[in-house]
Amino acid sequence: MRVSIAAGRRFGAPVTPSGRATTAPRAARTLLEGFVVRTESGHHRVLVDGRVIDCRAPKRLLRAERGERTATTAVVIGDRVRLHELDDGRGVIEELLPRDNELVRGSAGGGRFLDVIAANLDLLVAVHSIQEPEFNAARLDRFVLIAEAAEIPALVCLNKVDLASAGQADAAAAPYRAAGYPVICTSATAEQGITDLREVLNGKVSALVGPSGVGKSTLLNRVQPGLRLRTGEISEATGKGRHTTTTAELLALDAGGWVADTPGLRELAIREVELEDLGWLFPEFRPLLPACRFTDCSHRDDVGCAIRAAVETGAISAERYESYQHVYAQIEERNRY
Ligand code: GDP
Ligand code: ZN
């Protein structure tokens with residue numbers, strides 16, 4: 001007989017989320033702890049002590065864990081979960097463990113709703129090309145800012161250095177190095193800097209993020225040829241199709257570590273950043289913030305602003321400051337609704 005979860009709760013009978021009553025009391029059942037490496041329309045692949053268990057997640061998780069926020073799935077790649085193994089070898093996720101961080105994108109419905117696409121990342125690699133598409137500090141800063149807002153360590157990867165002079169690459173890297181970010185320069189096609197990239201990914205759960213066409217898939221294919229990620233126009237064409245199936249996967253790296261493969265990594269959202277916090281998301285601004293004359297300084301007027309003064313002397317890069325102003329305006333716009 002199938003018993004609804006609600007009925008089970010009301011009458012105190014222990015019931016699994018699948019609706020089947022169990023004889024053992026809920027607390028006494030041993031739950032396995034695992035790490036979610038793949039999700040696809042409600043099916044989750046969870047790594048438990050080196051083996052993979054296919055799991056379902058009950059709807060109640062979606063409600064309980066996501067609250068009022070809309071989400072297409074309660075469980076995302078990188079999640080640490082507790083699960084109950086069924087007799088047929090499959091599993092049911094019983095509990096979502098607290099997340100260290102979340103990577104979000106604007107949900108398909110637009111507006112202020114956000115979709116979590118990965119959790120518990122150790123590293124975000126913000127990839128941008130020096131040429132084709134042309135280097136655009138504002139676009140790169142957006143991804144770096146997302147990492148800061150999500151409290152995920154960031155690294156900048158400047159790709160396609162084969163298409164530019166060393167001077168161009170250094171000039172693009174300088175503001176990020178000054179801000180304290182590690183920067184690696186790579187060429188996926190000329191096999192440059194690939195060892196460095198492999199090294200930084202080693203042992204971590206990470207994601208390469210950045211605009212389309214900067215070379216993320218090509219880089220990962222160089223890091224580990226066996227991954228065979230789709231690149232170029234093909235991935236553009238099929239990216240949409242994969243998007244609708246909401247497949248997300250963490251790919252295992254031979255050297256150790258996991259790297260995320262999801263089309264959502266191009267359209268990340270900056271979540272819940274308030275105007276007064278924005279300056280703190282620029283690491284090179286932080287030491288100067290207490291020096292502004294007014295504690296609520298928006299760093300947009302000269303009067304007593306330590307940030308503006310530092311931009312004047314070149315201590316803070318003009319491009320980074322421009323990005324600050326740009327995002328400031330975006331948040332103001334958002335707050336209007
Ligand atoms: P993604 O959208 O960021 O995953 O970008 P892709 O990996 O699909 O690469 C987009 C295009 O850039 C492809 O045609 C790649 O061959 C090319 N590409 C990638 N890396 C490099 C590089 O280092 N140098 C050059 N010249 N082209 C590259
Ligand atoms: Zn200021």
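Preceding this paragraph is the structure being described.
Residues numbered from 1 in each chain as written. Chains lettered and ligands numbered in written order. Predicted model: local features only at pLDDT ≥ 70, side-chain atom pairs only at ≥ 80, totals over all residues. Heavy atoms only, no water.

Student: Now, about the packing of aromatic side chains: what can you tell me, with residues and values included?
Tutor: Here the distance between the centres and the angle between the planes together describe a pair of aromatic rings. Here the structure, examined in full by the defined rule, presents six aromatic pairs. Between the aromatic rings of Phe 285 and Tyr 324, the centroid separation amounts to 5.6 Å while the plane-to-plane angle is 55 degrees, which identifies the pairing as tilted. Linking Phe 285 in the loop between strand 13 (258–261) and helix 8 (306–313) with Tyr 324 in helix 9 (residues 318–335), this pair joins segments that are 39 residues apart in sequence. Each member of the pair, Phe 285 as well as Tyr 324, carries the same accessibility label: buried. Site record: aromatic cluster; members linked through ring pairs are Phe 282, Phe 285, Tyr 321, Tyr 324 and Tyr 328. (Phe/Tyr/Trp six-rings, centres within 6.5 Å; stacked < 30°, edge-to-face > 60°. Helix = DSSP H or I, 4+ residues; strand = E, 2+ residues; numbered from the N terminus. Buried < 20%, exposed > 50% of the residue type's maximum accessible area, 1.4 Å probe, protein only.)

Student: Please set out the nonpolar core residue by residue, giving values where relevant.
Tutor: Where a protein is soluble and globular, its nonpolar side chains tend to be buried together. Ranked by internal contacts, the top residues of the largest apolar core, which has 61 residues, are Leu 103 and Leu 278. Sort the elements by how many residues they give to this core and helix 3 (residues 137–150) lands first, with eight residues. Aside from chain neighbours lying at most four places away, what touches Leu 103 is Asp 115, Val 116, Ile 117, Ala 118, Leu 121, Leu 124, Ile 146, Ile 152, Ala 207, Leu 265 and Leu 268. Judged by nonpolar contacts, the second largest core, of 20 residues, contains Leu 155, Ile 194, Leu 219 and Val 223. (Core = buried A, V, L, I, M, F, W, Y, C linked by side-chain atoms within 4.5 Å. Contact = heavy atoms within 4.5 Å.)

Student: Run through the pairing of strand 3 (residues 51–56), naming residues and quoting values.
Tutor: Relative to strand 3, strand 2 (residues 43–48) runs antiparallel, the two sharing six bridges. Looking at the pairing, Val 48 lines up with Arg 51 of strand 3. In this structure, the hairpin formed by strand 2 and strand 3 is closed by a connection of two residues, where Asp 49 is found at a positive phi of approximately 45 degrees. Bridging between strand 3 and strand 5 (residues 91–96) involves two bridges; their strand directions are parallel. Within strand 5, the position partnered with Cys 55 by the bridge is Gly 91. (Pairing = 2+ DSSP bridges.)

Student: An account of helix 6 (residues 216–223) is requested, with residue identities and associated values reported.
Tutor: Along helix 6, the residues that are buried comprise Lys 216, Leu 219, Leu 220, Asn 221 and Val 223. Contact partners of the buried residues in helix 6: strand 8 (123–129), strand 9 (154–159), helix 5 (194–201), strand 11 (205–209) and strand 13.

Student: Give a description of the side chain of Glu 148 that names residues and reports values.
Tutor: Here Glu 148 shows up in helix 3. The exposure class assigned to Glu 148 is buried, which follows from its relative accessible area of 17%. Here the side chain of Glu 148 touches Tyr 181 through a polar contact of 2.6 Å, side chain to side chain. (Polar contact = N/O pair within 3.5 Å; in protein donor to acceptor, adjacent residues only side chain to side chain.)

Student: Residue-level account of the coordination of the zinc ion (ligand 2), with values.
Tutor: On the protein side, the zinc ion (ligand 2) has Cys 292 (SG), Cys 297 (SG), His 299 (ND1) and Cys 305 (SG) as donor atoms, found 2.1 to 2.4 Å from it. One can describe the donor arrangement at the zinc ion (ligand 2) as tetrahedral, given that its four donor atoms subtend angles of 103 to 115 degrees at the metal. Each donor residue of the zinc ion (ligand 2) belongs to the same chain, and together they define the spacing C-x4-C-x1-H-x5-C. Like Cys 305, Cys 297 is buried. (Donors = N, O, S within 2.8 Å, 3.2 Å for Na, K, Ca; no water. Tetrahedral: all angles 85-135°; square planar, octahedral: opposite > 155°, others 65-115°.)

Student: Which residues make up the packing of helix 3 against helix 9, and what values go with them?
Tutor: One can describe the packing of helix 3 onto helix 9 by two numbers: an axis separation of 9 Å at closest approach and a directional angle of 70 degrees. Taken together, the axes of helix 3 and helix 9 lie roughly perpendicular to each other. Handedness of the helix 3/helix 9 crossing: right-handed. Facing helix 3, whose interface residues are Ala 137, Ala 138, Asp 141, Arg 142, Val 144 and Leu 145, helix 9 presents Glu 319, Arg 320, Ser 323, Val 327 and Gln 330. Taken together, the residues of the contact of helix 3 with helix 9 break down into five nonpolar, two polar and four charged. (Axes fitted to C-alpha atoms, helices over the stretch in contact; angles between N-to-C directions. Parallel < 35°, antiparallel > 145°, perpendicular 65-115°, else oblique. Left-handed = near helix turned anticlockwise from the far one by under 90°. Nonpolar A, V, L, I, M, F, W, Y, C, P; charged D, E, K, R; others polar.)

Student: Talk me through the packing of helix 5 against helix 6; I want residue IDs and the actual numbers.
Tutor: It is at 9 Å that the axes of helix 5 and helix 6 come closest, and there the two elements cross at 85 degrees. One way to sum up the angle between helix 5 and helix 6 is to call them roughly perpendicular. Residues Ile 194, Leu 197, Arg 198 and Leu 201 of helix 5 form the contact with helix 6, whose own contacting residues are Leu 219, Leu 220, Arg 222 and Val 223. Its residues assigned to classes, the contact of helix 5 with helix 6 comprises six nonpolar, no polar and two charged.

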